[in-house]
Every structure is written in structure tokens, then in C-alpha cells.
Amino acid sequence: MLPDPSQEAFTSSLRTFYVSALPRVGRCDPIFLQLTNLRLWLSLMSIAVLLHCPGGARAQSSLDGIRQRGELVIATDATYPPFEYVDGQKLLGFDVDLGNEIGRELGVRVVWKQMAWSGVLGALESHKCDVIISGATITDERKKTTAFSRPYFPSGQTIARRKGDTTVQRLQDLKGRRISVQEETTGQYALQKLGVPKDHINRFDKLEDGLTDVVNGKSDAAVADLPALKESLRKSYPQLELTGGLFTNEYVGVWMRQREPELRDAINRALGIILVDGRYARLYQAWIHEPLTTGILADLDKNRGAGTATDAEVDRASPQSAPPKTMGGSSTDNSPHFTINSGLIRAALPDLLRGAKLTLVLTALALLIGIPLGLAVALARISPATPLVWVAKIYVEVLRGTPLLMQIYVIYFVLPSLRINLDPFTSGVIALSLNAGAYISEIFRAGIESIDTGQMEAARSLGMTYGLAMRWVILPQTVRRVLPPLTNEAVALLKDSSLVSVVALSELMRVGTELATSKGAPTTIYLAVALLYLCMTLPLTWVVRRLEEKYQPISRPRPRKGAVANA
Amino acid sequence: MPDTDAPLLILNGLCKRFGTLDVLRDISLTMREGEVVGLIGASGSGKSTLLRCINRLETPTAGSVRFQDREITPESVNLDRREIGMVFQRFHLFPHLTALENVTLAPRKVLNIPAERAESEGHALLAQVKLTDKADAYPAELSGGQQQRVAIARALALNPALLLFDEPTSALDPELVGEVLEVMRDLAQQGRTMLVATHEMGFCREVAQRVLFLDGGRILEEGPPEQVFTAPKEERTRAFLARVLNR
């Protein structure tokens, strides 16, 4: 994190909020009614107030700050060769070399921060980095809330298909087909503009996953930036080929915050020098594996205005004009600001609710399968049959000991090599169920083993078989005991279900990430996402608590009998 | 058909060993129908283990158990247990079921008796242990003596030929012991065959026809209560009785 006093103030005020608010919420009963209660909304609004804490007026520009610190912090998602990727421990790529050259021109050290694509914009917004250099395409949508340098790379979208698949030749052929893209990239926008329905676009966090999807036949084609596609195909996808040529003209630029004209001017100047003094040509040759033509340089020069125009911004930054809704605050300081934009939430709500519905369905199905599965595995684990015990043990250890993300990945991407081709939804449900089953089986095992052995002996002494004793004596008592840990698991599962986004399922977290990137307002969107998760988990815990009370026969007053036993 | 004159239970050379510890050594015992046998001895002398080996809650290391003229084997044990009721020191009532449901569970699930009939029989059994008004109470709502009486009713529900009592009053407050012993006395008077491990010497003397003194996993002395209690042949029996009676 950058040394920034206002950031400190923000963090500590947020901490104060959590410390003071959480126990209060915890004691409410029943909790979910509180959602309709004014008090909770008031405390939530107080987050908004806390978040909007201007960190003291500082007339200093961000460029001055960078010079003073002596370092330029650049965020990047290093999963996009040849622009940026990690080889061994080293961060490499066209953008990395270019960013380092920009730092040299500014006379400062460059510090690279690697993060997921979905996180780079939030990092920029919260001043955890100065700029983003990550193969980011300049778009009008993005320019509404953020700014760009002059273009430093000409790009465009093109299509990758399975070799010899002549049904895919040009953009028009993609209508009605399933297409992979990297999420929230210009490729996705171009397909949407073409009229490809959203559920035909498989959105992946990584381009490679999208290409694997095409190889496995789950997608018919992939759409991405020409240089990125070319590099991936050259390196690891010999089964695929490019087709159709460029269908968009795009430019890649350095992504920045608005209202920092000094920094942008400095970077534009640096780029201007790097482009013509031979360094750019060397980078181009090294990473794109083609000689730089004068046509490309001329094109970049002709479109130097494709980034954010300085004049326009100076106008907007004047004190009289209204500040933009979602980012930034007063024009005199550049500390982080967060404002909650209710209009934005309203616009995003239908999409978020669709995501929440998928999250609920996935979780419900996973529990519906995972609970009986977990019970069966627990019974196998404590059974006298040694082979069963071993199968159960291996199942639990493997599924509990490996990341859920890997399990989803294997089921969706690796099983096709065994000719088991499952769609994303089925893969997600299976992975979540298997994973939940492992945890739930341990919950059941612990529950069963916590029942006094005398219970089993008493049941067996009455001539009941092991099965009858389990069914009528042990399990009914177990269920009561495991309700709390089972609820825990259900809530955890609800949140873990967000991992299925790796196979392009648009559950709540994924929808939120997409909206946060496309609307350029992560804080607002993520707060809405968090509230939606709460709206799902709180009723669940409430229902379970009622169940627990119902199943406490010892302390429950029983209305069905006139003579009630004393409590 | 078992021969009616044949003994109900014959233990022959029964041994039980836990690891290196011999808990039962060469126990032989014969019980006729209607007989009440008291099993006395210090804690750890093997009384519980002996009872548990009879209905195979523990598997005997050696020796045989003949019941109703047939050997009890792992294969036959589920059927045999219907005929051998057991009452535990710590009751082991099913806490999620009411008193009545505790009593009717085995008839309904093991013998598949219809709920209605099982319940009317269950009510009768609860009346027998003087708990008519507690049918709908859960175990946690009952006193220890009431719980043990429900447990006795539960053990009677399958109308077993033999009742095993494993120190049924040892976990009870002293003032609650009487009500349980009274129920057991009634059962003895009805001619139930009972094998009772107990520290209640007075009850043994009054109800049992025969008393066995267990010491270190062996039957050290055996005879009518009058003889064992007033004129024990063995020094160890005398020492044990002196200890428990002077308490």
C-alpha cells in the first residue's frame, strides 16, 4: 500500500465500524427481519459516510507524489502473454519492458503489482497503484470513469477456431455459436454488439481457459486480441488456428485515474520519446516476433488522440463542473474516495439478482446431493467393512485436501480428455457436491461418534440390527447435533460457489466482478454483492435456528398435552 | 421346541480377556426358568462383563452360552436378544423419544407390530412400572428412578424369557433406589427369570434364590442367600460382605 495518511484513517474508521456493528447485528432476533428494519439500514448507510472520507486537501499532483517517493507503482494482471506473464519467478512481457522504460523516462523506479484482472481497477480506484499497464484497450465506456494515455499498441480482435473447422470463417459465422472470451475484454463487448446472446459467450478469467474450452469442443471459437491469441496459439495450442483477420481496430494504452493531467502528460511525453528513439522497435521485435513497420508507428501517431484529451479533462476538473458520480471527489486532492451510487445499484440489480439466483440454485443442488452423500460416506467410514472405510477415507482426504478450484477445473477441463464432456452447470454442481460431501461426511462422522455408545448398546440389546439402531436411535440424535456445523458448511458453500465462475458460470460474485469492471465502480457494486450474500445467508441461519429450537424436546413446552411437565 | 425341563441358560467355561487382562475366567452357570440369581462382587470383579457376554455386547474369548437349548452365535444373536432384556446402570434411554416411544420402539421396528397395538401394550407396561402419567415425558424430564423404571418397561416390551440387570440402582440417588427395587420385586414375584448384578445385599437376600460371589473374574462362592450372607465359606467373601454391609 502507498503511504497515505487518509488511507490509514479510512482503514481505521472501517475497523471501528466492524467492531461496533457486528456484535449488534449478531444479537438481533430474528436476524433477517432486521433487513427491513431501519436500524440496520442506518448502520449500512454509515458505511457509506465512513467510506466517503476526504483525506485532507492536498494541492500536490500525483506526479509530484511519484517523484517524491521515487517510484511508479504499476498494476498488471500477468496472465496475458506476450504483454505480461510470469515465467518462473520473473515478470516478463512487452508491457513490462515498456513500463520500465516509462519509469526510466520519469526518473523513478518502477514497482510492479500483480493481481487478477478483476482487481486492477479497484487498485487504481483506491490508489494502491498509480497506473495500470496490462494490455488494456482504450474504450469510450472506460473513458467515462477513467483515463488513458496515448495509444502505445495497435490491436484488434480476431477469431481462433479448431484447425480446419470451416464453419467458422468470419465474425458473422459466430452468431448462434458458443464463443469463449476473456471476461470484460473488448472481445466480449464486440460479440455483444454483434448480437451474440450473453449465455452463448463463455467468459473466462484467463484466455487459456477459453482456448482449452475450444479444444474440448465446449466452445466453437474464441475471440481475443490478435497479439495475445497469436502468442497463445504459438506456445500451447497447436490444435487451433486464427481466421477472419481483425474485425475491430483498437488501441492499447496506459490506464489511469481521471484528473491527473500532469501524470498523463508526463507518460505521454515518455511514450512519445520511446516510440521514436528505437526502444519501441526493439520491444516490438522481441515480443511480437515481427519487425515494426513504419505503418504501425504512423497509425499510432495519427491516433495519438485516442487516449484521454487533456483539454477536455482540464475543463471537467474545474471546480464549477459537477464531479463524476462514481470516482474521485474534489479536484484538489488525489486521495481515495468512495461514494455509494444508488442509481448504479438500481441499474445493476437485475443482473445481480440473476447471479444470486444461480448462486442459490447451485448451493441448493450441492447441498441436496452433498448431504446424503456425506451421510453415506460417514456411515462407510465408521462401518466394520475395511474396504469401505478406505474408500471413504481416500475420498475425504483427497477432496478436503485439494482446492475446490482445482476440482472444478479438473471436472470441466480435464475430464473431456477421458471423453466425459460436461457442461459448465453440471460440472459446477458435481464439483460443489463432491467437495461439500467430503466436509459434510466429517461433520456427520463427528456427530455420530459423539453419541454415547450406550445408545447403540441399548438399541442392540433390544434385538435391533445395526441398521435399525442407526436409523431409529443414532441418526435422529446425530441430526440434532450436527445442525449448527451443517449450517456453517451451507453458508461456506454458498460463498465458495463463487469459484464456479472459473468455468464461465455467471453466479453472483462473477456478475459483480463484471459489473464492477464495466461500470468502473467496484466499491458500489461489491457492497451490493455483499448485501445480496447476506440476504441469502441470514434467512438460512434463521431457519436453522428455528429448527434447532423445534428439535430441543427437553426444554420445549409441549402444547399437545394438558398436563405439561415442569421445565 | 425347547424341552421345558431343560435349563433356560447354561454358561460353560466362559472366558473374556481384554488385551492381557483376564476379566472372566472359566465361568459356568446354569439358570432354570423363573429363577432369580444375584450376582455380587467388588467393582471390577467382572459382573458387568459376565452379563454383557451373555447377550454378546461383548464377544466371549472362550466358552459357550446356551440359551433356550440353543447356542448363542453371532448369527443368532439378533433373534436371541429379543428374548433377553437388559437394564443398564446408566439407563441409556433414547433421549429423543418420549417414555412411551422408548417402550414401543423395539416392538414396532423389530417385530413390526402396528403402532396402535404397540402403544396400548406400551401403556400397560408403563402402568406396570407405575408411570402411567409419564407416557409423553421425555427422559430429560424424568427423575433417575423414573428413567430406570421406563428402561425396565422398555426391556419388558418384547416379553423376554430372561432379564439381565446391570447394577440397576448404582447410578441413583439413595432416595430413588426403593421405587426401582419395588418394581424388580414385582417382576420376581411374577416369575420372571432374572440375573441381577447388584450391590443391594438386602434385595438379594430377599428376592434371589441363589447368589454368586464374583472375585477376579471367577465364581468364588455360590449358594442360597442365607448361606452366602450368614456363613460364607470363603475368606474373601467374608471380607467383601463386611466391607459392603458396614458401609
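The present account deals with the structure reproduced in this document. Here the residue index of a chain counts from 1 through its sequence in written order. Working convention: letters from A go to chains and numbers from 1 go to ligands, in the order in which they are written. pLDDT decides what is reported in this predicted model: residues at 70 or higher carry local features, side-chain atom pairs at 80 or more are listed and counted, and totals for whole chains, interfaces and linings draw on all residues regardless. Heavy atoms throughout the structure, all of them, feed into the side-chain values; hydrogens and water do not.

A few points about the sheet that holds strand β12 (residues 221-225) of chain A
Residues and elements named next belong to chain A. At least two DSSP bridges between two strands are required for those strands to pair. In DSSP terms, a helix is any run of H or I states spanning at least four residues, a strand is any run of E spanning at least two, and both are numbered starting from the N terminus. In spatial order, the strands read β11-β10-β12-β9-β13; together these five strands make up an open sheet with mixed pairing. Strands with a single pairing partner mark the edges of an open sheet, and in this sheet they are β11 (201-204) and β13 (240-243). On average, each strand axis in the sheet is tilted by 30° relative to the strand beside it, whichever way the strands run. By the bridge criterion, four bridges tie strand β10 (residues 179-182) to β11 in an arrangement that is parallel. Its bridge partner lying in β11, Ile179 is registered against Ile201. Running at roughly 140° to β10, helix α7 (residues 186-194) makes contact with β9 (157-162), β10, β11 and β12 of the sheet. Convention adopted: a line fitted to C-alpha atoms gives each axis, helices being fitted over their contacting stretch, and angles between N-to-C directions are expressed from 0 to 180 degrees. Contacts: residue pairs with any heavy atoms within 4.5 Å of one another.

Description of the environment of Ala115(B)
Mapped onto the fold, Ala115(B) is located in helix α4 (residues 115-128). For Ala115(B) and Glu101(B), which are 14 residues apart along the polypeptide, the C-alpha to C-alpha distance reads 9.9 Å.

Points about the packing of aromatic side chains
Within 6.5 Å between ring centres, the rings of Phe, Tyr and Trp (the latter by its six-membered ring) count as paired, and their orientation is classed by plane angle as stacked under 30 degrees, edge-to-face over 60, tilted in between. Throughout the structure, instances matching the rule amount to 15 aromatic pairs over all chains. Taking the centre distance of 6.1 Å and the plane angle of 15° together, the rings of Tyr80(A) and Phe83(A) count as stacked. Only protein chains enter the accessibility calculation, which uses a 1.4 Å probe; a residue whose area is less than 20% of its type maximum is buried, one above 50% is exposed, and one in between is partly exposed. For Tyr80(A), a relative accessible area of 7% gives the class buried. Arranged with centres 4.8 Å apart and planes meeting at 90°, the rings of Tyr412(A) and Phe413(A) form a pair that is edge-to-face. On the basis of relative accessible area, Tyr412(A) is assigned to the buried category, the value being 1%. Since its relative accessible area comes to 6%, Phe413(A) is described here as buried. In textbook terms, an aromatic cluster arises when at least three aromatic residues are bridged by ring pairs, as seen for Tyr80(A), Phe83(A), Phe94(A), Tyr152(A), Phe153(A), Tyr280(A) and Tyr284(A). In our convention, an over-ring charge means Lys NZ or Arg CZ found within 6 Å of a ring centre and within 35 degrees of that ring's normal. Above the ring of Trp390(A), the side-chain terminus of Lys393(A) is found at 5.0 Å from the ring centroid. Here Arg154(B) stacks its cationic end above the ring of Phe94(B), 4.5 Å away from the centre of that ring.

Things to note about the side chain of Thr186(A)
Here Thr186(A) lies in helix α7. Taking relative accessible area as the criterion, Thr186(A) reaches 6% and is therefore assigned buried.

Re the environment of Gln89(A)
Within the secondary structure, Gln89(A) sits in the loop between β3 (84-87) and β4 (90-92). Spatially, the C-alpha atom of Gln89(A) lies 32 Å from that of Gly428(A), the residues being 339 residues apart in sequence.

Topic: the sheet that holds strand β8 (residues 193-197) of chain B
All names here are of chain B. Here we have six strands laid out as an open sheet, ordered β6-β7-β8-β3-β9-β10, and mixed in their pairing. In the strand order of this sheet, the two ends are held by β6 (84-87) and β10 (218-223), each with one partner. Neighbour to neighbour, the strand axes of the sheet diverge by 20° on average, direction disregarded. Alignment of strand β9 (residues 210-215) against β10, held across five bridges, turns out to be antiparallel.

Notes on the nonpolar core
Taken as a class, soluble globular proteins show a tendency for nonpolar side chains to be buried jointly. Nonpolar core, defined: a set of buried Ala, Val, Leu, Ile, Met, Phe, Trp, Tyr and Cys residues in which side-chain atoms within 4.5 Å join the residues together. Counting 64 residues, the largest nonpolar core has Phe94(A), Ile102(A) and Tyr280(A) as its most contacted members. Residue contributions to this core peak at seven residues, all from helix α10 (residues 261-276) of chain A. Phe94(A) has contacts with Pro82(A), Phe83(A), Tyr152(A), Phe153(A), Tyr280(A), Leu283(A), Tyr284(A) and Trp287(A), leaving out every residue within four places of it along the chain. If you look at the next biggest cluster of nonpolar residues, it comprises 47 residues, including Ile40(B), Ala99(B), Leu126(B) and Met194(B).

Re the pattern of salt bridges
All names here are of chain A. Salt bridge, as used here, is a side-chain nitrogen of Lys or Arg placed within 4 Å of a carboxyl oxygen of Asp or Glu. One pass over the full model with this rule turns up 41 salt bridges over all chains. One salt bridge connects Arg150 with Asp301, and the closest N-O pair in it is separated by 3.6 Å. Separated by 151 residues along the polypeptide, Arg150 in the loop between β7 (147-148) and β8 (153-155) and Asp301 in helix α12 (residues 294-302) bring together distant segments of the chain. In this structure, Arg234 and Glu231 form a salt bridge, with 3.2 Å as the shortest nitrogen-oxygen distance. One end of the pair, Arg234, and the other, Glu231, are both in helix α9 (residues 226-236), three residues apart, so they sit about a helical turn from each other. Through salt bridges with shared partners, a single network forms among Arg381, Glu397, Arg400, Glu442, Arg445 and Glu449.

As for the interface of chain A and chain B
With 25 residues of chain A at the interface, the matching set in chain B holds 28 residues. Around 2400 Å² of area is buried between chain A and chain B when both sides are counted, 59% of it from carbon and sulfur atoms. For chain A, the biggest contributors to the area lost against chain B are Glu457(A), Ser461(A) and Leu462(A); these three give 25% of the whole. Between Glu457(A) and Arg52(B) there is a salt bridge whose closest N-O contact spans 2.7 Å. Polar contacts, as used here, are pairs of N or O atoms within 3.5 Å; protein pairs need one atom able to donate a hydrogen and one able to accept it. Residues neighboring in sequence count only if both atoms are side-chain atoms. Remark: the boundary between chain A and chain B carries five residue pairs in polar contact (both at pLDDT 80 or more). Every element with two or more residues in the side of chain A that touches chain B is listed here: α18 (453-461) and α19 (466-496) of chain A. For the side of chain A that touches chain B, the leading source of residues is α18(A), giving seven residues. Values labelled buried area give the accessible surface lost by two parts on being combined, using a 1.4 Å probe and summing over both.

Some points on the side chain of Ser501(A)
Residues and elements named next belong to chain A. Structurally, Ser501 can be placed in the loop between α19 and α20 (508-519). Taking the relative accessible area as the measure of exposure, Ser501 reaches 16% and is therefore buried. Leaving out residues up to four positions away in the same chain, Ser501 has contacts with Arg203, Glu507 and Arg510.

So, the pairing of strand β3 (residues 36-40) of chain B
All names here are of chain B. Buried residues dominate β3, accounting for five of its five residues. In β3, alternate side chains face the same way, and those of Val36, Gly38 and Ile40 on one face and Val37 and Leu39 on the other are all buried. Two elements, β3 and β8, share four bridges in a ladder whose sense is parallel. Bridge pairing links Leu39 to Ala197 in β8.

Here's the deal with the state of the cysteines
A covalent bond between the sulfur atoms of two cysteines is what we call a disulfide. The disulfide criterion used throughout: a pair of cysteine sulfur atoms within 2.5 Å. Across all of its chains, the model carries zero disulfides over all chains by this definition. Of all cysteine sulfurs in the structure, the one in Cys15(B) sits closest to Cys53(B), which takes part in no disulfide; the separation is 9.6 Å.

Describing helix α16 (residues 404-414) of chain A
Taken together, the buried positions of α16(A) are Leu404(A), Gln407(A), Ile408(A), Ile411(A), Tyr412(A) and Phe413(A). In this structure, the buried side of α16(A) is in contact with β11, α8 (207-215), α15 (386-401), α17 (424-449) and α19 of chain A.

That is the geometry; function is a separate question.
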